[in-house]
Number of protein chains: 2
Amino acid sequence: MRIDTFFTIPEMDPGAVDGATVVVIDVVRATTTIIEALANGARAVYPTDTTEEAVRLAHSMGPEDTLLCGERRGHKVEGFDLGNSPREFTRDVVEGKKLVMSTTNGTRALRAGDEGVRVLPCAFTNLGAVARGIAEEGHVVLLCAGQDDRFSLDDALCAGHLIHRLVEMLDAEPELNDASRAAYAVASARKPTRRFLEVAAGGAAILAIGLGDDLVICTDVDRHDILVEMREKAITRAGA
Amino acid sequence: MRIDTFFTIPEMDPGAVDGATVVVIDVVRATTTIIEALANGARAVYPTDTTEEAVRLAHSMGPEDTLLCGERRGHKVEGFDLGNSPREFTRDVVEGKKLVMSTTNGTRALRAGDEGVRVLPCAFTNLGAVARGIAEEGHVVLLCAGQDDRFSLDDALCAGHLIHRLVEMLDAEPELNDASRAAYAVASARKPTRRFLEVAAGGAAILAIGLGDDLVICTDVDRHDILVEMREKAITRAGA
């Protein structure tokens, strides 16, 4: 297996995902929230690039079973049903619903990985399911959403722990690019804890706006044993 | 002290270097070569963005004591006096000379850091001198040249070891951004060895073109006890 990690979206050439399975990571908080929603019975999540696009798409789907979700700079968009806090996406709120979701970095990363053979949102909360789901692949790209096109420690740490899981599972050593090797080294030294994420840029930003408790879910490794997959712009439970 | 690391040039906002001392790192090979040249008696190194600019600048300086140096994709530019292999920059070749130098990533990083209060080229070969030279600063930016605007493990490793040196020297814990913390963790796990650099993208590229022996110098930690500084587009020994 070849594992190429990209710490920011611009570092990934469009050709880099040809024939690859793309794992998209935005720990704080888009992929954590998407996994939480689908684990709690949401039918599908539709990521959009902009809030305007989210509003149009939700409108076209009809209001009955659709929720409009998203944040800008961490805060819920005015008039939306939900923000991007995984704690909001409980079973009684999301079960059976379609969620249209716009977030700052996560959605862009999901769209950037769109050309891959498979696109799998990943967070600490479904780490084991993703590792098992990609263990047979030949070429895997780990695309970190980053923060405004800059390196983000929480995403790199998640990528590194995913590589550790794969190394434990595989018979042969995977081939790693420079960023994969760095992520692996970081994960050798650090475990995801709330305290660790609080001093990373993404965690510090949501702590500053009073949403620090989100980090409890963001760091809850293997909270859900589900693989989720994006197909034709909708993310659903794989095999569902 | 605040230490902000950027793994690629585009990740650094122009405003990020305001009031900061900028340490520019391109281990394989621009900053290693610049330090080697100045340690071996070169009067100054003039980095340029393009080979054309290098030719014009060298011409304007007169051919007497000027050497034209540079590489594209690792190879010496045709018609130039020297490439970018640190082994070429021996005392008998460079002593007393002015060197005009164009390299793929290193020169771009030096120019990008240009707005800093001080700009200090750094490699493993002068790590200790740089650490001592910046230990009193309030805000330090470590700018990794990277490889074609992608993460480069050798530069990140060098940044991480520089942070380790600073942590040992400083009374108070420095404040680190996400990339500084990741670089620190990588350096906790890895020492710079020829073998380690050979499997990083930059090292593998020069190994593939038969210049692998350059990595002996690139990984020779504290080979030279010199601080070098860029001022008005010329790099000289600091204090010289």
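Treat the numbers as computed from the prediction; the structure is a model and nothing was measured.

Draft legend 1. Examining the overall build of chain A more closely. Along chain A, the regular secondary structure elements total 10 helices and 11 strands. Radius of gyration (C-alpha) of chain A: 16 Å, near the 18 Å computed for a compact globule of 240 residues. Looking at chain A as shown, the accessible area adds up to about 9400 Å², and 46% of this sits on carbon and sulfur atoms. Looking at charge distribution, chain A has the averaged site of its 26 positive side-chain charges lying 4 Å from that of its 38 negative ones.

Draft legend 2. Representation of unusual backbone geometry in the model. The omega torsion across A:Val28 and A:Arg29 is 5°, close enough to zero to call that bond cis. Mapping A:Arg29 onto the fold places it in the loop between β2 (21-25) and α1 (30-39). Of note, the phi angle at A:Lys233 is positive, near 70°, even though the residue is not glycine. Looking at where A:Lys233 falls in the secondary structure, it is placed in the loop between β10 (228-231) and β11 (234-237). In this model, B:Asp149 sits at a positive phi of 65°, which is unusual for a non-glycine residue. Structurally, the position occupied by B:Asp149 is in the loop between β8 (139-144) and α6 (153-169). Given the relative accessible area of 25%, B:Asp149 is considered partly exposed.

Draft legend 3. Layout of the interface of chain A and chain B. Contact residues are listed per partner, giving 22 residues for chain A and 22 residues for chain B. In this assembly, chain A packs against chain B so that about 1800 Å² is buried in total across both faces, 57% of it on carbon and sulfur atoms. Considering only the side of chain A, the residues that lose the most area to chain B are A:Glu11, A:Asp178 and A:Arg181, jointly responsible for 34% of the buried surface there. Two residues, A:Arg150 and B:Asp13, come together in a salt bridge whose shortest N-O distance is 3.2 Å. For the interface between chain A and chain B, the tally reads 10 residue pairs in polar contact (both at pLDDT 80 or more). Considering only residue class, the side of chain A that touches chain B consists of 13 nonpolar, two polar and seven charged.

Conventions used here
- Residues numbered from 1 in each chain as written.
- Chains lettered and ligands numbered in written order.
- Predicted model: local features only at pLDDT ≥ 70, side-chain atom pairs only at ≥ 80, totals over all residues.
- Heavy atoms only, no water.
- Helix = DSSP H or I, 4+ residues; strand = E, 2+ residues; numbered from the N terminus.
- Rg over C-alpha atoms; globule rule 2.2 N^0.38 Å.
- Areas by Shrake-Rupley, 256 points an atom, 1.4 Å probe, with all protein chains shown as cover.
- Lys, Arg positive; Asp, Glu negative; His and termini not counted.
- Charge placed at Lys NZ, Arg CZ, Asp CG, Glu CD.
- Buried < 20%, exposed > 50% of the residue type's maximum accessible area, 1.4 Å probe, protein only.
- Contact = heavy atoms within 4.5 Å.
- Buried area = accessible area lost by both parts, 1.4 Å probe.
- Salt bridge = Lys/Arg side-chain N within 4 Å of Asp/Glu carboxyl O.
- Polar contact = N/O pair within 3.5 Å; in protein donor to acceptor, adjacent residues only side chain to side chain.
- Nonpolar A, V, L, I, M, F, W, Y, C, P; charged D, E, K, R; others polar.

Purely geometric numbers; function is a separate question.
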